[in-house]
Amino acid sequence: MKVYVVRHAQSRQNVHDPEDAAYVRPEVKEYESRDYSLTPHGEDQADRAGRRLSQVKFDAVFCGPLHRHIATANAILRYQ
C-alpha cells in the first residue's frame, strides 16, 4: 500500500489577501472558523498536482472540511 499526502494549495490566508473575505462556517472548530478559498496561483498548483498524480489510481481519498482542502482534492480528482 502507498499513501500520498498532499498539502492544500495556496489559499488567500497564505498570502494575507485583504480583498478576500473568509467563509465563516459555524460547524467547524473555532481554530478552523476562517475558511479561505484558493488563490489563482493555488488553483494552478492544485491543477498541476492533479496532472502529476493522474497515473496514480487511488482507492480512497480523504481531505479536511475546509474549502481549501476540498478545492485541492477536487482539482486532483478531476484527473482520476
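Looking only at helices and strands, one finds two helices and two strands in the protein chain. Ordering the α and β elements of the protein chain from the N terminus gives β-β-α-α. A buried classification covers 34% of the 80 residues belonging to the protein chain. Taking the contacts inside the protein chain whose residues are at least 6 apart along the sequence as the reference set, 71% of them involve residues at least 24 apart.

Turning to helix H2 (residues 67–77), a few remarks are in order. Those residues of H2 not exposed but buried are Arg68, Thr72, Ala73, Ala75 and Ile76. Projected down its long axis, H2 shows its buried positions confined to an angular sector of 160 degrees, all on one face.

Glancing now at the side chain of Ser11. Considering the arrangement of structural elements, one finds Ser11 in the segment before strand S1 (23–24). Among the residues examined, Ser11 registers a relative accessible area of 0% and is labelled buried. In contact with Ser11, not counting residues within four places along its chain, are Tyr36, Ser37, Leu38, Thr39 and Arg68.

For the rest of this paragraph, the subject is the pattern of salt bridges. Under the counting rule described, the total for this entry stands at two salt bridges. For Asp47, the salt bridge goes to Arg51, with nearest N and O atoms at 2.9 Å. Here Asp47 pairs with Arg51, and both are found in helix H1 (residues 40–52), just four residues apart, close to one helical turn. For Arg51, a relative accessible area of 43% translates into the label partly exposed.

Here we take up the confidence of the model for the protein chain. Here the protein chain averages 82 in pLDDT, and 76% of its residues register 70 or above. The secondary-structure element of the protein chain with the lowest mean pLDDT is S1, recorded at 50, while H1 shows the highest, at 94.

The rules behind each value
Residues numbered from 1 in each chain as written. Predicted model: local features only at pLDDT ≥ 70, side-chain atom pairs only at ≥ 80, totals over all residues. Heavy atoms only, no water. Helix = DSSP H or I, 4+ residues; strand = E, 2+ residues; numbered from the N terminus. Buried < 20%, exposed > 50% of the residue type's maximum accessible area, 1.4 Å probe, protein only. Contact = heavy atoms within 4.5 Å. Arc of directions from axis to C-beta. Salt bridge = Lys/Arg side-chain N within 4 Å of Asp/Glu carboxyl O. pLDDT = per-residue confidence, 0-100.

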